[in-house]
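# Commentary on secondary and tertiary structure
Read off the chains here:
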Amino acid sequence: MELNDFVKKIAAEFDETPVEKFSASVKFKDLEEWGSLTALSIISMIDEEFDKKITGEDLRSCGTIEELYNLVLAK
Amino acid sequence: MKAYIKKIEYYLPESVLTNAQIVEKFPEWTIEKIENKIGIRTRHVVKEDETASDLACQAVEKLFTGSSFAKESVDCLIFCSQSPDYILPSTACILQKRLGLLDSIAAYDVNLGCSGWIYGISIAKGLVCSGISKNVLLVTAETYSKYLHPQDKGNRTIFGDGAAATLISDNGIAEIGNFVFGTDGAGAENLIVKCGGARNRYPLNDLSFDDFGNPKSSDYLYMDGASILNYTLDRIPTLVYDVLQKNDIGIEDIDLHIYHQANRYIANLQRRKLKIDVEKYYHCYEECGNTVSSTIPIAIFEALKDGSIQKGYKVLSVAQGLGYSWGGCVLTF
């Protein structure tokens, strides 16, 4: 999956934040809608799309969507 | 000898917590968001002076009301709960008296969470098949609402109180097939109430808040949602295939999947991961939430009532719970 598609996938896990607000450099945890439910949605999206496990600690260690993408690829 | 589920009944406490009430207290969430993501509309919660054993009594009374089956036939009572009335004695002993069961019966507690019903019917099957007991009354009852911090919106949204009574005998409506179990105590701290037992007898007053502003305290129920999610994603597919193998059947032979009803979110994930058709995956959390060890018997009761289970159906039931503890079996109706 390319970075652009990954950004779209992350955007889809946010119900209320408009898609235009998302880019690779966005700090997704700073978005107002960020919460435990969104975190779980992202963990399961990555499980489904990449068949890889990321932890709560992994999410804590990432700032931007691109950092998360690189972390997933490195798994 | 074979063992069967003979009858199931359940009881939910009268007080109801709606999504509107949750949103009133936690305005950062919307009714739609809770419904869409979690799939739960209402959950029932006990009053301050109501306990799991009170719910258990109601469920058992419903089981025997209008039934030709006499209470005197019960020769074993298993009470599965993590909300006992007291540290000691066993709540099952108190229930024997309250329910008017014979004093010649065996009665004891089993302490397990969401996997409790699967383990309970496995114990009952063992007792029936070995000739130790003829009619085992398994009561699952839980009141997690009593363990929740007032600011814990996540768990308050998911969990509901309730009780189910299941009668297991040498005849009945569903033959209990072969079981698969699993345990991994490494996950113990990911869903835990740390205080109140012998390790931490008294409150530790160590309240803090996690990254999402959710309360984390040894004195209340704590769940690490991300770890529990990963545990579910890890274990359930293997568990399902192991249970199928143990029963010598394939997934295509299963007419209905009735798993532990955690919430819509987990249900959809499991269903997609296992590639199960929507119509073969039963769900029943909308009006009662996650009632812990009673979710499967409640779902089976409702599936029988609405015709989702037909005679001859093979039903696969699996549950993953705190501990970690998991298990599953096949029921043939």
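One structure accompanies this document, and this report is about it. (Residues numbered from 1 in each chain as written. Chains lettered and ligands numbered in written order. Predicted model: local features only at pLDDT ≥ 70, side-chain atom pairs only at ≥ 80, totals over all residues. Heavy atoms only, no water.)

## Let's talk about the overall build of chain A
What counts is decided by this rule: The secondary structure listing takes helices from DSSP runs of H or I that are at least 4 residues long and strands from runs of E that are at least 2 residues long, numbered from the N terminus. Under the scheme applied here, a residue whose accessible area is under 20% of the maximum for its type counts as buried, over 50% as exposed, and between as partly exposed, the area being computed with a 1.4 Å probe on protein chains only. In this analysis, two residues are considered to be in contact whenever any of their non-hydrogen atoms come within 4.5 Å of each other. Surface exposure here means Shrake-Rupley accessible area, sampled with a 1.4 Å probe, where a residue is shielded only by the protein chains that are shown. His residues and chain termini do not enter the charge count, which takes Lys and Arg as positive and Asp and Glu as negative. The atoms used to mark charge sites are NZ of Lys, CZ of Arg, CG of Asp and CD of Glu.
A tally of regular secondary structure across chain A gives 4 helices and 0 strands. Along chain A, helices (α) and strands (β) appear in the sequence α-α-α-α when read from the amino end. If you line up chain A on its principal axes, its C-alpha atoms span 30 × 25 × 20 Å. Here chain A holds 75 residues, and 51% of them are scored as buried. In chain A, of all internal contacts separated by at least 6 residues, the share reaching a separation of at least 24 is 53%. Of the roughly 3,800 Å² of accessible surface on chain A, a fraction of 46% belongs to carbon and sulfur atoms. Placing the 9 positive and 17 negative side-chain charges of chain A at their respective mean positions leaves the two points 4 Å apart.

## Brief notes about the interface of chain B and chain A
Quite often, the size of an interface is put as the accessible area lost when its parts meet. Inclusion rule: Accessible area, probed at 1.4 Å, shrinks when two parts are joined; the buried area is that loss added up over both. A carboxyl oxygen of Asp or Glu within 4 Å of a side-chain nitrogen of Lys or Arg is what we treat as a salt bridge. Residue polarity follows a fixed list, in which Ala, Val, Leu, Ile, Met, Phe, Trp, Tyr, Cys and Pro are nonpolar, Asp, Glu, Lys and Arg are charged, and the others, Gly among them, are polar.
Opposite the 17 residues of chain B that make contact, chain A presents 21 residues. Here chain B packs against chain A, burying approximately 1,700 Å² in sum over the two surfaces, 57% of which is carbon and sulfur. For chain B, the biggest contributors to the area lost against chain A are B:Lys33, B:Lys37 and B:Phe212; these three give 32% of the whole. Summed over the shared surface of chain B and chain A, the number is 6 salt bridges. Only α2 (31-38), α7 (225-246) and α8 (264-274) of chain B provide two or more residues apiece to the side of chain B that touches chain A. Tallying contributions element by element places α7(B) first for the side of chain B that touches chain A, with 6 residues. Considered class by class, the residues forming the side of chain B that touches chain A number 8 nonpolar, 3 polar and 6 charged.

## A word on the packing of aromatic side chains
To be explicit about the condition: Stacked, edge-to-face and tilted are the three classes for Phe, Tyr and Trp ring pairs, Trp counted by its six-membered ring, which pair at centre distances within 6.5 Å; planes under 30 degrees apart are stacked, over 60 edge-to-face, the rest tilted.
Within the structure shown, the criterion is met by 15 aromatic pairs over all chains. When the centroid spacing of 5.2 Å and the interplanar angle of 55 degrees are considered together, the rings of A:Phe14 and A:Phe22 count as tilted. The pair A:Phe14 / A:Phe22 is uniform in exposure class, with both members buried. Plain terms: the ring middles of B:Phe179 and B:Phe181 are 5.6 Å apart, the flat faces sit at 10 degrees to each other, and that makes the pair stacked. Relative accessible area serves as the criterion here: at 9%, B:Phe179 is assigned to the buried category. You can call B:Phe181 partly exposed: its relative accessible area is 40%. Taken together, A:Phe14, A:Phe22, A:Phe28, A:Trp34 and B:Phe212 form an aromatic cluster joined through their ring pairs.

## Quick notes on the side chain of A:Thr64
Residue position: A:Thr64 is located in the loop between α3 (56-61) and α4 (65-74). Apart from the residues lying within four places of it in its own chain, the contact partners of A:Thr64 are A:Ala24, A:Ser25, A:Val26, A:Lys27 and A:Phe28.

## Topic: the nonpolar core
In summary, soluble globular proteins display a tendency toward joint burial of nonpolar side chains. All names here are of chain B. This is how the line gets drawn: Buried Ala, Val, Leu, Ile, Met, Phe, Trp, Tyr and Cys residues form a nonpolar core when they are joined through side-chain atoms within 4.5 Å.
Trp-117, Ile-121, Ile-168, Ile-258, Ile-300 and Leu-331 are the most contacted members of the largest nonpolar core, which totals 41 residues. Sorting elements by how many residues they give to this core places helix α5 (residues 116-129) first, with 7 residues. Excluding anything up to four places from it in sequence, Trp-117 contacts Ile-5, Ile-8, Leu-138, Thr-140, Thr-166, Ser-293, Ile-296, Pro-297, Ile-300 and Leu-331. Counting residues in each nonpolar core, the second largest holds 39 residues, with Ile-34, Ile-276, Tyr-285 and Trp-326 among its members.

## Digging into the pairing of strand β8 (residues 174-183) of chain B
Residues and elements named next belong to chain B. This is how it is decided: In this scheme, strands are said to pair when DSSP sees at least two bridges between them.
Bridging between strand β1 (residues 4-11) and β8 involves 2 bridges; their strand directions are antiparallel. Bridge pairing in β8 links Tyr-4 to Glu-175. In terms of strand pairing, β8 meets strand β15 (residues 325-332) through 7 bridges, oriented antiparallel. Note that in β15 the partner of Phe-181 across the bridge is Gly-327.

## Describing α8(B)
Put simply, the rule is: Nitrogen and oxygen atoms within 3.5 Å of one another constitute a polar contact, given that in protein one can donate a hydrogen and the other can accept it, and given that sequence-neighbouring residues count only through two side-chain atoms.
Of the residues making up α8(B), those classed as buried are B:Tyr265, B:Ile266, B:Ala267, B:Leu269, B:Gln270, B:Arg271 and B:Leu274. Elements that come into contact with the buried residues of α8(B) comprise α2 (36-50) of chain A together with α2, α7 and β14 (314-321) of chain B. A distance of 3.0 Å separates the backbone nitrogen of B:Tyr265 from a side-chain oxygen at the start of α8(B), and that oxygen is part of B:Asn263. A positive phi of about 55 degrees marks B:Lys275, the residue just after α8(B).

## What about the environment of B:Ile158?
Residue and element names in this part refer to chain B. Within the secondary structure, Ile-158 is located in helix α6 (residues 153-158). Exposure remark for Ile-158: the relative accessible area of 12% places this residue in the buried category. Ile-158 sits 105 residues away from Asn-263 along the chain, and the two C-alpha atoms are 6.8 Å apart. Ile-158 has contacts with Ile-38, Ile-40, Met-223, Ala-262, Asn-263, Gly-289 and Asn-290, leaving out every residue within four places of it along the chain.

Remember, this is a structural readout, not a statement about activity or role.
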